[in-house]
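Here's the letter readout for the chains.
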Amino acid sequence: MPEPITIATWPFGKLAVEVAMKALAKGEPALDAALAGAQAVEDDTTIRNSVGFGSLPDRLGRLTLDACLMDGRTLSCGAVACVEHIKHPAALARRVMEKTPHVLLVGEAAKWFALQQGFPLEVPYTAESIKEWLDAHPERKKKDDKKPTSADGASDININEFNHDTVTVLSLDKKGHLGGVCTTSGLAYKLPGRVGDSPIIGAGLYVDDLAGAAGATGVGEEIIRIGGSLFIAEQMRAGKSAQEACELACKRSNAAAGRRGVHPARVAFLALDPKGGVGAACTEKADFKYAVGRGDKIELLQAKEIGPKA
Ligand code: SD4
């Protein structure tokens, strides 16, 4: 019987890992455990600049959330993008998976679907998040690292210690099944309507018991461009370790930037293979930390950085 494992992005992913590991210890399926973990992070508005309500909004000050999830046993998956006023987008993505024949619902229509499913409409802003937006709004304060998304290339978008906003949680349960969830408020100060990699199956997340689970964080445009998570899963299917697969994805992202003549963006990947092997890597300066839980132990690890010359 495999040992249950959960891995999650960024230091706040520790909370997700704690919650998911408790669920796995009780014998819950990987997808349920990963969702419980992700939702704990969505619920915690004290995690500044993080995920869910209270996190950083778009350029007009509106908070729109993206999420997806995938079951490695069946390849069932669901996603929502650009949803406002719904506190638990990952749970909503699960309803898309379970109650509709579709994979992805977006915007107003996703909100209507949420209402139909009994999700309450809620106010997503906290006093702190409003103050943060007022202080950091690009027209009020010119600060390079908080620039809004520009049209002239994703490589000038920075992910830094102040604007991590995605939790990706990958779990392996006692029965050897994989499940994954990704939930985010997207890039801080994005253009209204912008959707990144996080709710895109194959980009922000991919989970297949027969290959492995992979997730991403960082500049979503660059992750979509290389189909990051599916790329990693396919590398594992072909025999690469989780670590090798994540490093290859970083190399591919760096090479993609090279082909456009721009500096590589900050992206990071994590992966979990069906036997419990773990990997993570990031591009230059992404400074990616991730949480790993096995048994009673939860640790925060630093991902290997893959520079443009690697
Ligand atoms: C996005 N990948 O919307 C997300 C952002 C992110 O830490 O991961 N931030 O592009």
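Residues numbered from 1 in each chain as written. Predicted model: local features only at pLDDT ≥ 70, side-chain atom pairs only at ≥ 80, totals over all residues. Heavy atoms only, no water.

Student: An account of the site of the ligand is needed here, citing residue identities and associated values.
Tutor: Taken together, 14 residues surround the ligand, and among them Asp 165, Arg 194, Asp 197, Thr 217 and Gly 218 come closest. Notes on the ligand: free accessible area 290 Å², of which the protein chains cover 100%. In the shell around the ligand, the residues fall into 3 nonpolar, 8 polar and 3 charged. (Near = heavy atom within 4 Å. Areas by Shrake-Rupley, 256 points an atom, 1.4 Å probe, with all protein chains shown as cover. Nonpolar A, V, L, I, M, F, W, Y, C, P; charged D, E, K, R; others polar.)

Student: Outline a nonpolar patch on the surface, supporting the account with residue identities and numerical values.
Tutor: On the surface, a cluster of nonpolar side chains totalling about 220 Å² of accessible area is made up of Val 103, Leu 104 and Val 106. Its location among the elements puts Val 106 in strand E4 (residues 104-106). (Patch = residues over 30% accessible without salt bridge, like charges linked within 9 Å, V, L, I, M, F, W, Y side chains within 5 Å. Salt bridge = Lys/Arg side-chain N within 4 Å of Asp/Glu carboxyl O. Helix = DSSP H or I, 4+ residues; strand = E, 2+ residues; numbered from the N terminus.)

Student: Please set out the sheet that holds strand E12 (residues 297-302) residue by residue, giving values where relevant.
Tutor: By way of backbone hydrogen bonds, the strands of a sheet pair with one another, either parallel or antiparallel. Strand order across the open sheet formed by 8 strands is E4-E3-E2-E6-E5-E1-E11-E12, with mixed pairing between neighbours. Both edges of this open sheet fall to E4 and E12, since each of them pairs with a single strand only. On average, each strand axis in the sheet is tilted by 10 degrees relative to the strand beside it, whichever way the strands run. Contacts between helix H2 (residues 30-43) and the sheet are confined to strand E2 (65-71), strand E5 (166-172) and strand E6 (178-184), with E6 contributing the most and set at about 20 degrees to the helix. (Pairing = 2+ DSSP bridges. Axes fitted to C-alpha atoms, helices over the stretch in contact; angles between N-to-C directions. Contact = heavy atoms within 4.5 Å.)

Student: If you had to explain the confidence of the model for the protein to someone new, which residues and values would you point to?
Tutor: On average, residues of the protein carry a pLDDT of 90, and 89% of them reach 70 or more. With pLDDT under 50 throughout, residues 142-155 is counted as low confidence; its partners more than four residues away or in other chains account for 29 contacts. (pLDDT = per-residue confidence, 0-100.)

Student: Can you break down the packing of helix H1 (residues 13-25) against H2 residue by residue, with the values?
Tutor: Where H1 meets H2, the closest approach of the two axes is 7 Å, and the angle between their N-to-C directions is 145 degrees. Crossing angle aside, the handedness with which H1 passes H2 is right-handed. Residue-level inspection shows Leu 15, Ala 16, Val 19, Ala 20, Ala 23 and Leu 24 of H1 in contact with H2, the latter providing Ala 30, Ala 33, Ala 34, Ala 36, Gly 37, Ala 38, Ala 40 and Val 41. Residues belonging to the contact of H1 with H2 are distributed by class as follows: 13 nonpolar, 1 polar and no charged. (Left-handed = near helix turned anticlockwise from the far one by under 90°.)

Student: Can you tell me about the pattern of salt bridges, naming the residues and giving the values?
Tutor: Any two side chains of opposite charge can pair, so long as their charged atoms come close to each other. Counted according to the given criterion, the structure contains 12 salt bridges. Glu 108 is the partner of Lys 111 in a salt bridge, and the nearest nitrogen-oxygen pair spans 3.3 Å. Remark: Glu 108 and Lys 111 occur in helix H4 (residues 107-116); sequence separation between them is 3 residues, near one turn of the helix. The exposure class assigned to Glu 108 is partly exposed, which follows from its relative accessible area of 46%. Sharing partners across several salt bridges, the network here consists of Asp 32, Arg 94 and Glu 98. (Buried < 20%, exposed > 50% of the residue type's maximum accessible area, 1.4 Å probe, protein only.)

Student: Report on the nonpolar core, specifying residues and quantitative values.
Tutor: Counting residues in hydrophobic clusters, the biggest one holds 62 residues, and the most contacted among them are Leu 92, Val 167, Val 181, Leu 272 and Phe 288. The contact partners of Val 167, leaving out residues within four places of it in the chain, are Ala 8, Thr 9, Phe 12, Gly 13, Ala 16, Ala 38, Val 41, Val 51, Val 181, Cys 182 and Thr 183. Core analysis: the second largest hydrophobic core is formed by 19 residues, Ala 203, Met 236, Ala 249 and Ala 271 among them. (Core = buried A, V, L, I, M, F, W, Y, C linked by side-chain atoms within 4.5 Å.)

Student: Before we move on, could you go through the pairing of strand E11 (residues 289-294) and cite the residues and values that matter?
Tutor: Of the strand pairs in this sheet, strand E1 (residues 5-9) and E11 are connected by 5 bridges, and their pairing is antiparallel. Residue pairing for E11: Ile 7 is matched across the bridge by Val 292. Looking at chain direction, E11 and E12 are connected through 6 bridges and run antiparallel. Opposite Gly 293, over in E12, you have Ile 298 as the bridge partner. Once E11 ends, the chain turns through 2 residues before running back antiparallel as E12, passing Gly 295 with a positive phi of about 55 degrees.

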